[in-house]
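Here's the letter readout for the chains.
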Amino acid sequence: MRPKILDKLFKPIETTKGIGPRLKVKLKYLIGENIVDYLWHLPNNIIDRSYRPTIISAENNRIVTMDLTVTKHNPSRRRGLPYKITCIDETGELDLIWFNARRQYLEDILPVGSNATISGKIETYKKRKQIIHPQHVIKSQKLNDFQDIEPVYRLTQGLSNKVIRNYIKKVLDTVPDFPEWHDQELINRMKWPEFSKSIKDCHNPQNLDDLDHQNISKQRLVYDELLANQLSLALISKNFEAPKGIEIIDKNQLVRKLLNNLSFELTNSQKISIEEISNDLSKSDRMIRLLQGDVGSGKTIVALAGLFHTAGSLKQGAMMAPTELLARQHYEGIRDLCLKSNVSVNILTGKTKQKDREIILKDLKEGKIDIIIGTHALFQEKVLFNDLGLVVIDEQHRFGVHQRLSLTSKSKDYPPDILIMSATPIPRTLELTAFGSMQVSRLLDKPKGRKPIKTIAKPINKISEVIDSIERLINVGEKIYWVCPLIEESEKIDLAAAEDRFHQLNKIYKDKVSLVHGKMKIEDREKVMNDFKYGSKMILVATTVIEVGIDVPDATFMVIEHSERFGLSQLHQLRGRVGRSDKLSSCLLLYKSPLGENAKKRLETLRNTDDGFIIAEEDLILRGAGEILGVKQSGLPYFKIANLNIDRELLELAKNDANFIIDSNILGKTERGKNLEILLHLFNKEEALKYLEAG
Ligand code: ADP
Ligand code: MG
């Protein structure tokens with residue numbers, strides 16, 4: 001139950017006086033539906049209204065605040081013309097200007113002869129001083145509400161800063177004096193103010209320094225949030241009961257057979273990962289494991305070992321790929337290995353012909369197929385298994401883990417074990433916050449014999465040399481990826497750029513060039529990809545769609561135009577498309593100079609390393625956690641105030657603090673323990689408290 005002290009904050013906004021239906025909709029859209037949500041909506045700038053000159057002394061283009069007397073109204077003569085109100089002070093005259101104003105309204109608030117305090121930007125027009133659309137018109141009896149320093153909030157269309165500010169002011173008035181939930185010693189050491197003062201400080205910055213993330217009031221809130229996060233995770237993982245699954249034992253020793261048939265030697269981490277997966281499968285607990293390995297690290301074979309293990313116990317396995325092409329690639333890659341060990345494998349996608357489909361569905365149901373490869377469609381349709389033991393999900397770097405876990409219903413009376421493959425290294429910092437309960441296997445070393453990809457950066461004005469130089473590659477049968485960037489704001493223009501490049505290259509390298517982009521129908525796209533992989537096309541001009549893991553061993557050269565516009569991880573993923581054979585590969589980063597600080601760092605990092613981990617950590621530093629995994633969509637925690645990028649030390653501290661709290665069993669018991677419950681509720685982490693009662 002929510003502590004009473006929070007009642008006022010956890011009410012819908014429309015319970016506040018003055019929030020009508022229309023305003024409610026806008027506010028809800030921008031910020032949230034409960035009063036408490038508005039606490040976390042912090043200002044990101046200030047407007048200084050403390051400049052109070054006389055009319056004659058006022059400098060143009062500054063924000064002024066002035067006490068004026070109204071002398072005359074000049075209503076607009078026609079629509080579209082301004083409404084002008086003339087005012088004076090003891091030094092001169094000035095016009096207040098409104099476009100599209102309601103006459104009645106202006107006559108009410110500023111009748112001739114009245115006094116008011118006006119704030120806005122002053123300028124000169126045809127030798128007269130004027131203020132267009134004053135932001136504040138304050139009558140003398142309301143002067144107490146006026147603040148010289150006005151916080152500025154992120155806005156949405158149709159909501160003025162004033163509206164948001166006024167609402168947040170009301171919200172701040174309802175913040176109670178909470179008892180302290182942090183250790184007093186820590187509070188003293190950090191010199192943090194108490195919660196209610198901190199939140200009010202953050203909404204009332206007095207100067208630009210106060211907006212800084214390192215401001216002590218803000219740091220206090222950051223720690224509040226991090227501790228709530230870590231505490232809830234600690235509670236959950238302490239009481240985490242491994243879900244029930246079933247023992248899958250490789251009675252027929254199929255994994256051993258598989259490994260004997262490989263034409264290459266496994267890397268150390270492949271061996272370890274296969275062990276880990278086999279162990280997990282053999283246990284009666286359900287496996288939920290992430291297999292993380294950089295592009296080209298050899299995840300498929302590890303997953304295949306898991307599937308063989310499952311087949312060895314006469315259960316079925318399924319492997320899902322994000323696209324038809326990748327499913328086919330997997331299927332073709334493993335078919336021979338399956339044949340050799342007498343494991344039956346098939347593929348089912350949206351393109352499987354009706355006749356074949358019926359046979360496959362029947363075989364799956366009767367258990368005649370050991371391993372089925374497919375796209376997501378595999379699981380959306382009415383596919384029934386005889387006995388599904390393991391599901392492998394090749395997520396590439398997409399992270400819909402939570403939806404994917406819903407596959408459970410496909411099996412008979414126990415949920416299948418799950419193995420998720422991802423090329424996105426989860427930076428340890430993030431792991432700390434989210435993956436408390438998921439097991440992780442990592443492929444840290446690359447297969448032997450891989451040649452490093454040579455990475456070069458050149459300014460974009462060298463492009464014609466580059467175009468000439470690829471002829472040599474084409475002549476020896478090597479293929480080229482040519483990546484054109486996609487910027488969100490103007491997809492049309494971007495596409496046009498890619499099309500132009502395609503036509504230009506196709507003129508030179510007749511009929512050897514194809515174009516692929518995200519606006520194409522999936523079937524068309526896959527046909528183009530296929531022609532590049534197996535057919536006569538030697539150059540693939542692409543927008544970033546090729547990011548999603550295609551394997552074309554003959555491709556040895558990648559050009560990335562405007563590489564300065566890409567994120568670091570994205571560039572790394574792209575580059576991983578070459579260097580997939582024993583031939584030397586290179587990646588050319590074309591950039592437009594001058595390069596910004598961050599872009600320069602990104603390109604440098606990329607030239608210096610091909611270690612996905614280093615790249616991911618660097619990316620985290622350069623961009624912040626939110627963007628990397630698309631955190632909001634992924635179900636990973638999303639922080640309202642904390643920034644993992646900056647607050648790593650506080651995160652560590654919060655983690656230790658949380659462990660201490662759990663180990664010493666004070667939650668809900670001692671005074672601090674009870675106060676911590678308030679904290680969990682305040683940050684909507686009360687779900688975790690049910691584990692407290694259970695344990
Ligand atoms: P990814 O981890 O990107 O999915 P893949 O599983 O597609 O990588 O493997 C890339 C290529 O490397 C495949 O052609 C695969 O057969 C090969 N491969 C995998 N493991 C090894 C190894 N230990 N030694 C040599 N080649 C390997
Ligand atoms: Mg792969």
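Whatever comes next refers back to the structure up there.
In this report, we go over the structure that sits alongside the text. Fair warning: this is a prediction, and the values are worked out from it, not measured in the lab.

About the thresholds
- Residues numbered from 1 in each chain as written.
- Chains lettered and ligands numbered in written order.
- Predicted model: local features only at pLDDT ≥ 70, side-chain atom pairs only at ≥ 80, totals over all residues.
- Heavy atoms only, no water.
- Pairing = 2+ DSSP bridges.
- Helix = DSSP H or I, 4+ residues; strand = E, 2+ residues; numbered from the N terminus.
- Axes fitted to C-alpha atoms, helices over the stretch in contact; angles between N-to-C directions.
- Contact = heavy atoms within 4.5 Å.
- Near = heavy atom within 4 Å.
- Polar contact = N/O pair within 3.5 Å; in protein donor to acceptor, adjacent residues only side chain to side chain.
- Areas by Shrake-Rupley, 256 points an atom, 1.4 Å probe, with all protein chains shown as cover.

1. What about the sheet that holds strand S16 (residues 454–459)?
- Taken together, the 6 strands give an open sheet; going across it, the order is S16-S21-S20-S17-S19-S18, and neighbouring strands pair in parallel fashion. In the strand order of this sheet, the two ends are held by S16 and strand S18 (513–516), each with one partner. When strand polarity is set aside, the average angle formed by the axes of neighbouring strands in this sheet is 20°.
- Set on the sheet, helix H15 (residues 463–475) makes contact with strand S17 (479–483), strand S19 (539–542), strand S20 (555–560) and strand S21 (586–591); between it and S17 the angle comes to about 155°.
- Contacts between helix H19 (residues 597–608) and the sheet are confined to S16 and S21, with S16 contributing the most and set at about 150° to the helix.

2. Considering the site of ligand 1
- Neighbouring ligand 1 are 15 residues; Glu265, Gly296, Lys299, Thr300 and Arg450 lie closest to it.
- Between ligand 1 and Gly296 there is a distance of 2.6 Å, counted from an oxygen atom to a backbone nitrogen or oxygen.
- Computed on the free molecule, ligand 1 has an accessible area of 560 Å², of which 75% lies beneath the protein chains in the complex.

3. As for the environment of Asn386
- Within the secondary structure, Asn386 sits in the loop between helix H12 (377–380) and strand S13 (388–394).
- Considering only alpha carbons, one finds Asn386 and Lys365, 21 residues apart in sequence, at a separation of 4.7 Å.

4. Section: the sheet that holds strand S14 (residues 417–422)
- Pairing within the open sheet is parallel, and its 7 strands lie in the order S11-S12-S10-S13-S14-S9-S15. The outermost strands of the open sheet, each flanked by one partner alone, are strand S11 (345–348) and strand S15 (439–443). Averaged over all pairs of adjacent strands, the angle between strand axes in this sheet comes to 20°, irrespective of strand direction.
- Taken together, the 5 bridges between strand S9 (residues 288–293) and S15 define a ladder with parallel strand orientation. Following the sheet pairing, Gly293 is matched in S15 by Leu443.
- Where helix H9 (residues 299–311) meets the sheet, its contacts fall on S9, strand S10 (316–320), strand S12 (371–374), S13, S14 and S15, and the angle it forms with S10 comes to roughly 155°.
- The sheet strands contacting helix H10 (residues 324–340) are S10, S11, S12 and S13, and the helix crosses S11 at an angle near 170°.

5. Thoughts on the environment of Gln329
- Following the sequence through the fold, Gln329 ends up in helix H10.
- Separated by 222 residues in the primary sequence, Gln329 and Asp551 place their C-alpha atoms 7.7 Å from one another.
- At a separation of 3.1 Å, a polar atom in the side chain of Gln329 contacts the side chain of Lys533.

Interpretation note: all reported values are geometric properties and have no functional meaning in isolation.
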